[in-house]
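Listed below, chain by chain, are the residues.
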Amino acid sequence: HEDGEETESLLDEDGEARSDGENEEGDDNADEEGGVTTGSRTSSQDDDNSVFSSAAELKDKEELTAILEEDRHIPMGNVKVLVVTFVVILFINLMKGGGAFPSPLGIRCGSPSFWVSNGVMLGWILLVSVFARMYLVRRHEIKERVGYPYVEGDIKWDSRATVVYPLVCTAAGFFAGMFGVGGGIVKGPLMLAMGVHPKVSSASSACMILFTSFTATTSFVVFGLLDMDYAVICMSLGFVATLVGQIGLFYLMEKFQRNSYIAFSIGGIVLLSAILMTIQSLISMADRGGPSEAAGLCAGKQ
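When its secondary structure is counted, the protein shows eight helices and zero strands. What you see in the protein, going N to C, is helices and strands ordered as α-α-α-α-α-α-α-α. For the protein, the residues scored as buried account for 18% of the 302 residues in total. Across the protein, contacts joining residues at least 24 apart in sequence account for 63% of those joining residues at least 6 apart. Here the protein has roughly 21400 Å² of accessible surface; of this, 65% comes from carbon and sulfur atoms.

This is how it looks when you write it as C-alpha cells:
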C-alpha cells in the first residue's frame, strides 16, 4: 500500500513536472512564433516603406527631368497667355474710345459705360495676374520638392516674391506712363536688383516693352495725344538706334566676356533720362510762365 502511494505520488509529481515542462515549452514556442510573426510583419512594413520611398523618389526624378526639359525650350503656353492678355486689353481699349477716337459701340468718353470698360480692363489684368501667381507658386513648390538645381539669375517665385515683385512692377509701369518714359528704364534696374542675369534682364525688358509700349501708343491715339509727325521720326530713330545698340552691346560682351556692360548701359540710360526730363520740364515751365493747367482726360481733338 505504501509502495502504491509512493508510486502514485511519483506519478503525480512526474505528471505535474511534465505538465509544467510542456507548458513552458509551449510558452517558449509561442514566444518564438510570436517573435517570428512580429519580425515578419516589421520586415514586411519596412519593405513596403522602402517600396513607397522608391516610388516617390522615382516620381520626383521624373518631374525634375520634365521641368529641366521644359526649361530648355521657349514656354509657348506662357507666350500664348501673354498674347491673349494683350489682345483683350487692346480690344477693350479701342472699343471704349476716347477724346479723339469715337467708340464703335457708342461709348462716350467720361460716361459710366466708359469707366465700366476701364474697370473691366483692370479686372481682366488682375484675373490673369492671380492665375499666373497660382501657377508660379505651384511650380516653385514642385521645384523645391524635387530638388531643382537653381543657377545664378534664377528667381524663386515663392508666395512672397509673387506679390512683392508684381506690385513693384505695377508701380514702375504707373510712373513710367505718367512721366512718359519707357517701362524698360524702370524694369531693367528692377530685375537686376532681383538678381536676374543681365542678358535675361535685357531680353525680358525688350519683350515687355513690345507689349506695354504698343498698348500705351493706342491709348495716346485714342485720346488724341499722339503727334504723328513726331511719331514717324521717333519710331524710325528708335528702331535704328535699338538695332545698332543691341548689335554693338552683344559684340562687346562676346569679345570681353563681361555681362556688366548691360548693367552699366541701363544705369547710364536711366541717369541720362532723368537729366533730360528735368531739363525739358524746366524749359517748358519757363516758356509757359509756370505749370500748365490740366486739360482733362476727354479733352483731345474731336
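With that settled, consider helix H6 (residues 198–222). The end-to-end C-alpha distance of H6, which contains 25 residues, comes to 36 Å, matching closely the 36 Å that a straight helix rising 1.5 Å per residue would cover. Where H6 bends most, at Ile209, the angle is about 30°. Of all the positions in H6, only Pro198, Ser201, Ser202, Ser205, Phe211, Thr215, Thr218 and Val222 are classed as buried. Directly after H6, the chain includes Gly224, whose backbone phi takes a positive value near 70°.

This paragraph deals with the packing of aromatic side chains. A complete count under the given rule lists five aromatic pairs for this structure. Seen from their ring centres, Phe86 and Phe211 are 5.3 Å apart, and the 75° between their planes marks the pair as edge-to-face. Separated by 125 residues along the polypeptide, Phe86 in helix H2 (residues 76–96) and Phe211 in helix H6 bring together distant segments of the chain. Between Phe86 and Phe214, the ring centres sit 5.7 Å apart and the planes meet at 65°, which makes this aromatic pair edge-to-face. Of this pair, Phe86 sits in helix H2 while Phe214 sits in helix H6, and the two are 128 residues apart along the sequence. What makes Phe214 partly exposed here is its relative accessible area of 45%. An aromatic cluster is built from Phe86, Phe211 and Phe214, whose rings are joined through pairwise contacts. The lysine or arginine in question, Lys143, covers the ring of Tyr148, its NZ or CZ lying 4.5 Å from the ring centre.

Glancing now at helix H3 (residues 112–146). For H3, spanning 35 residues, the distance from its first C-alpha to its last is 51 Å, which sits close to the expected 51 Å at 1.5 Å a residue. Of the positions making up H3, those classed as buried are Phe114, Ser117, Asn118, Met121, Val137, Arg139, His140, Lys143 and Val146. Looking one or two residues past H3, Gly147 carries a phi angle of roughly 75°, positive in sign.

Attention shifts here to the packing of H2 against H3. At a minimum axis separation of 9 Å, H2 and H3 run at an interaxial angle of 170°. Judged by the inter-axis angle, H2 sits roughly antiparallel to H3. On the side of H2, the interface is formed by Asn78, Val81, Val84, Thr85, Val88, Ile89, Ile92, Asn93 and Lys96, while H3 contributes Phe114, Ser117, Asn118, Val120, Met121, Trp124, Ile125, Val128 and Tyr135. Classifying every residue of the contact of H2 with H3 gives twelve nonpolar, five polar and one charged.

Structurally, the position occupied by Val196 is in the loop between helix H5 (183–193) and H6. Looking at Val196, the relative accessible area reads 7%, which means it is buried. Not counting residues within four places of it along the chain, the set of residues in contact with Val196 comprises Gly153, Ile155, Met191 and Ser201.

Another point: the packing of H2 against H6. At their nearest, the axes of H2 and H6 sit 10 Å apart, and the two run at 5° to each other. With respect to each other, H2 and H6 are oriented roughly parallel. Taken together, the residues of H6 that come into contact with H2 (itself represented by Leu82, Val83, Phe86, Ile89, Leu90, Asn93 and Leu94) are Cys207, Phe211, Phe214, Thr215, Thr218, Ser219 and Val222. Tallied by class, residues from the contact of H2 with H6 come to ten nonpolar, four polar and no charged.

With that settled, the discussion passes to the side chain of Thr162. Turning to its location among the elements, Thr162 is positioned in helix H4 (residues 161–179). A distance of 2.8 Å separates a polar side-chain atom of Thr162 from the backbone oxygen of Asp158. Those residues within four positions of Thr162 in sequence are excluded, and the remaining contacts are Arg133, Leu136, Val137 and Trp157.

This next bit is on the confidence of the model for the protein. Taken over all residues, the pLDDT of the protein has a mean of 75, while the share at 70 or more is 74%. At the level of individual helices and strands, the protein shows its lowest average pLDDT in helix H1 (residues 2–71), which scores 57, and its highest in H3, which scores 90. Overall, residues 1–39 carries pLDDT values under 50, and its contacts beyond four positions in sequence, including any with other chains, amount to zero contacts.

About the cut-offs
- Residues numbered from 1 in each chain as written.
- Predicted model: local features only at pLDDT ≥ 70, side-chain atom pairs only at ≥ 80, totals over all residues.
- Heavy atoms only, no water.
- Helix = DSSP H or I, 4+ residues; strand = E, 2+ residues; numbered from the N terminus.
- Buried < 20%, exposed > 50% of the residue type's maximum accessible area, 1.4 Å probe, protein only.
- Contact = heavy atoms within 4.5 Å.
- Areas by Shrake-Rupley, 256 points an atom, 1.4 Å probe, with all protein chains shown as cover.
- Expected span 1.5 Å × (residues − 1).
- Bend = angle between axes of the 7 residues up to and from the residue.
- Phe/Tyr/Trp six-rings, centres within 6.5 Å; stacked < 30°, edge-to-face > 60°.
- Lys NZ or Arg CZ within 6 Å of the ring centre and 35° of its normal.
- Axes fitted to C-alpha atoms, helices over the stretch in contact; angles between N-to-C directions.
- Parallel < 35°, antiparallel > 145°, perpendicular 65-115°, else oblique.
- Nonpolar A, V, L, I, M, F, W, Y, C, P; charged D, E, K, R; others polar.
- Polar contact = N/O pair within 3.5 Å; in protein donor to acceptor, adjacent residues only side chain to side chain.
- pLDDT = per-residue confidence, 0-100.

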